[in-house]
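Understanding the architecture of this molecule
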Amino acid sequence: MTTDSRMVALGFGKFARADRIFALERIAGEERGDGRRTRVWIDGVADPLIASRTEVTILRDMGQESAAAAPVLDEAMDLAARLAAAAEEGRVDLSDLGRRARRLLATTTSSS
């Protein structure tokens, strides 16, 4: 990935230089959630950092828009997973759900 040396937010106060990030891996399944979205490998750091932001968002911040081909689908899947988990636990934040759904719909219609 060719990038400049700007800082990229990984979430929860974690930052990395964009030019030092060499791999991103989406966390899936039961490992995902509670601020665990993406493993980020950084040059010079032995173990990957856990980011609370999606790999698509991190790629965009790194200036790699073309590598982030399916952000709407990723966002929709994340929204559906969070809603299903919250419904099972009997706690659904309709305000947050509505805000995320409106943002997702706006993204979908504006890119057409």
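Concerning the overall build of the chain
Helix and strand content of the chain: three helices and five strands. Reading the helices (α) and strands (β) of the chain from amino to carboxyl end gives β-β-β-β-β-α-α-α. Buried positions account for 29% of the 112 residues belonging to the chain. Sequence-distant contacts in the chain: of pairs separated by 6 or more residues, those separated by 24 or more amount to 33%.

Considerations on the environment of S5
Considering the arrangement of structural elements, one finds S5 in the segment before β1 (7-11). Taking the C-alpha atoms as reference, S5 lies 9.3 Å from A16; in sequence the two are 11 residues apart. Every residue in contact with S5, bar those within four places of it in the chain, is listed here: R17 and D19.

Observations concerning the sheet that holds strand β3 (residues 21-26)
Across the sheet, which stays open at both edges, the three strands sit in the order β3-β4-β5 with antiparallel pairing between neighbours. Since the sheet does not close on itself, it has two edges, and those belong to β3 and β5 (49-51), each with one partner. Recorded for the sheet is a direction-independent mean angle of 30 degrees between the axes of neighbouring strands. Bridging between β3 and strand β4 (residues 38-42) involves five bridges; their strand directions are antiparallel.

Brief notes about the nonpolar core
Counting 10 residues, the largest nonpolar core consists of V8, L10, A16, A18, I21, V40, I42, A51, I58 and M62. Of all elements in the fold, only β1 and β4 reach the threshold of two or more residues within this core. With sequence-adjacent residues up to four places away left out, V40 is seen in contact with L10, I21, A23, L24, P48, L49, A51 and I58.

Things to note about the side chain of T38
Locating T38 in the fold gives a position in strand β4. Only 3.0 Å separates the side chain of T38 from the backbone nitrogen of E55, close enough to count as a polar contact. Excluding anything up to four places from it in sequence, T38 contacts L24, E25, I27, L49, I50, A51, R53, T54, E55 and I58.

Regarding the pairing of β4
Working note: regular strand, side chains alternate between the two faces of the sheet. A large share of β4 lies buried, amounting to four of its five residues. Relative to β5, β4 runs antiparallel, the two sharing three bridges. If you follow T38 over to β5, its bridge partner there is A51. Hairpin connection, β4 to β5: the antiparallel pair is bridged by six residues, and G44 has positive phi, about 90 degrees.

Looking at the pairing of β1
Judged from the four bridges that link them, β1 and strand β2 (residues 14-17) form a sheet pairing that is antiparallel. Considered in β2, the bridge of G11 is made with K14. Hairpin connection, β1 to β2: the antiparallel pair is bridged by two residues, and F12 has positive phi, about 55 degrees.

Focus: a nonpolar patch on the surface
A cluster of nonpolar side chains, contributed by L83, V92 and L94, occupies part of the molecular surface with about 260 Å² of accessible area. Within the secondary structure layout, V92 lies in the loop between α2 (71-88) and α3 (94-110).

Definitions and cut-offs
Residues numbered from 1 in each chain as written. Predicted model: local features only at pLDDT ≥ 70, side-chain atom pairs only at ≥ 80, totals over all residues. Heavy atoms only, no water. Helix = DSSP H or I, 4+ residues; strand = E, 2+ residues; numbered from the N terminus. Buried < 20%, exposed > 50% of the residue type's maximum accessible area, 1.4 Å probe, protein only. Contact = heavy atoms within 4.5 Å. Pairing = 2+ DSSP bridges. Axes fitted to C-alpha atoms, helices over the stretch in contact; angles between N-to-C directions. Core = buried A, V, L, I, M, F, W, Y, C linked by side-chain atoms within 4.5 Å. Polar contact = N/O pair within 3.5 Å; in protein donor to acceptor, adjacent residues only side chain to side chain. Patch = residues over 30% accessible without salt bridge, like charges linked within 9 Å, V, L, I, M, F, W, Y side chains within 5 Å. Areas by Shrake-Rupley, 256 points an atom, 1.4 Å probe, with all protein chains shown as cover. Salt bridge = Lys/Arg side-chain N within 4 Å of Asp/Glu carboxyl O.

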